[in-house]
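Summary of the model geometry
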Amino acid sequence: MALTDALGCKHQAFEGAPRIVSLVPSLTELICDLGLADCLVGRTGFCVHPREILRRIPKVGGTKDIKLDIIQSLAPTHVIADIDENRREPVEAMMAFVPHVVVVHPRAVDDNLALYDLLGGIFCRENEVVRLASAFVEARGALAAVTATLPRETVLYPIWREPWMTIRRDTYIASMLSAGGWDTLPAEASVRYPGFAFAEPWLADIQRILLPSEPYAFGDRDAVELHTLTQRPVIRVDGEMLSWYGSRAIAGLNYLAELREQCAEADRQASPPA
């Protein structure tokens, strides 16, 4: 099986004990779930799951402000990075002193299966890949069964304010939401994370607002403000469950199924009897 990353670089199965620095929170969690926690020698300050394991792992800065000198001192065999999460310049700089820099860029829910294959193949964790893939397929099927019974809805998924920003449909988050029967608006945009104003005509077509816990820490006041500005129901959601790929995607699919059922039940209770 070809082990090709998002930059087109080909990798080989690594023999021996790797020394891994992960620059992406969800990938750090995946590395641990592949049974490689003892091989982690560095992570970012945003890599927080699994908490107890990561307490002992040195930090190498943030996802955007990577400390190259710290990484070099750790002498990793592998650095794991992501096109969206990490800046290009430091990742390219690491290629001069890290033997293997693996760059990923999942943009759709089912890209998780290829991600398991890539990292599992590089680090010779075939049994763990089979386990994760089986759990993913099961969760994907369970979500499909739930969404098949419910109408699709158009939603707004803010990710920031001052300025207000949302997501385009070719992002990983939008793909997750689409798998749950929620189609994000705007349908088209010139950038992947467009800004918006509340005078935008497409806002009239949204049926629900999903307000995540990250990357912006939206609070109750934000939820009230959004409801006041749009007159649409606002649902607080776990941003990690919807934006973290890797092993967290399995829990995310199950979370989406429960969330859709909860929203449908709330809508039924709010609707007047016929």
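Read on for an overview of the structure. (Residues numbered from 1 in each chain as written. Predicted model: local features only at pLDDT ≥ 70, side-chain atom pairs only at ≥ 80, totals over all residues. Heavy atoms only, no water.)

Before going further, it helps to examine the overall build of the protein chain. Along the backbone of the protein chain there are 10 helices and 10 strands. Relative to the compact-globule value of 19 Å for 274 residues, the protein chain shows a C-alpha radius of gyration of 20 Å, a close match. Across its three principal axes, the protein chain shows a C-alpha extent of roughly 65 × 40 × 35 Å. Across the 274 residues that make up the protein chain, the buried fraction comes to 50%. Contacts spanning at least 24 positions in sequence make up 61% of the contacts within the protein chain whose residues lie at least 6 apart. For the protein chain, the exposed area adds up to about 13,000 Å²; of that, 54% sits on carbon and sulfur atoms. (Helix = DSSP H or I, 4+ residues; strand = E, 2+ residues; numbered from the N terminus. Rg over C-alpha atoms; globule rule 2.2 N^0.38 Å. Buried < 20%, exposed > 50% of the residue type's maximum accessible area, 1.4 Å probe, protein only. Contact = heavy atoms within 4.5 Å. Areas by Shrake-Rupley, 256 points an atom, 1.4 Å probe, with all protein chains shown as cover.)

Where nonpolar side chains cluster on the molecular surface, the patch consists of Leu7, Ile83 and Met95 and spans about 250 Å² of accessible area. Position of methionine 95 relative to the elements: it lies in the loop between helix 4 (88-94) and strand 6 (100-104). (Patch = residues over 30% accessible without salt bridge, like charges linked within 9 Å, V, L, I, M, F, W, Y side chains within 5 Å. Salt bridge = Lys/Arg side-chain N within 4 Å of Asp/Glu carboxyl O.)

This next bit is on helix 5 (residues 111-122). One turn of an α-helix holds 3.6 residues; hence residues three or four places apart share an orientation. Taking 1.5 Å of rise per residue, 12 residues should cover 16 Å, and helix 5 covers 17 Å from first to last C-alpha, within 8% of that figure. Among the residues of helix 5, Asn112, Leu115, Tyr116, Leu118, Leu119, Gly120, Gly121 and Ile122 are the ones counted as buried. The first or second residue beyond helix 5 is cysteine 124, which carries a positive phi of 55°. (Expected span 1.5 Å × (residues − 1).)

Here the bond from glutamate 162 into proline 163 is cis, since omega is 5°, no more than 30 degrees from zero. Examined against the element boundaries, proline 163 turns out to sit in the loop between strand 7 (153-156) and helix 7 (172-179). In this structure, proline 186 follows leucine 185 across a cis peptide bond, with omega equal to 10°. Here proline 186 is to be found in the loop between strand 8 (182-184) and strand 9 (208-212). A positive phi is found at glutamate 162, a non-glycine position, where the angle reads about 60°. As for its placement among the helices and strands, glutamate 162 is situated in the loop between strand 7 and helix 7. For glutamate 162, a relative accessible area of 67% puts it in the exposed group. Backbone geometry places glutamine 231, a non-glycine residue, at a positive phi of 60°. Relative to the assigned elements, glutamine 231 resides in the loop between helix 8 (220-230) and strand 10 (234-237).

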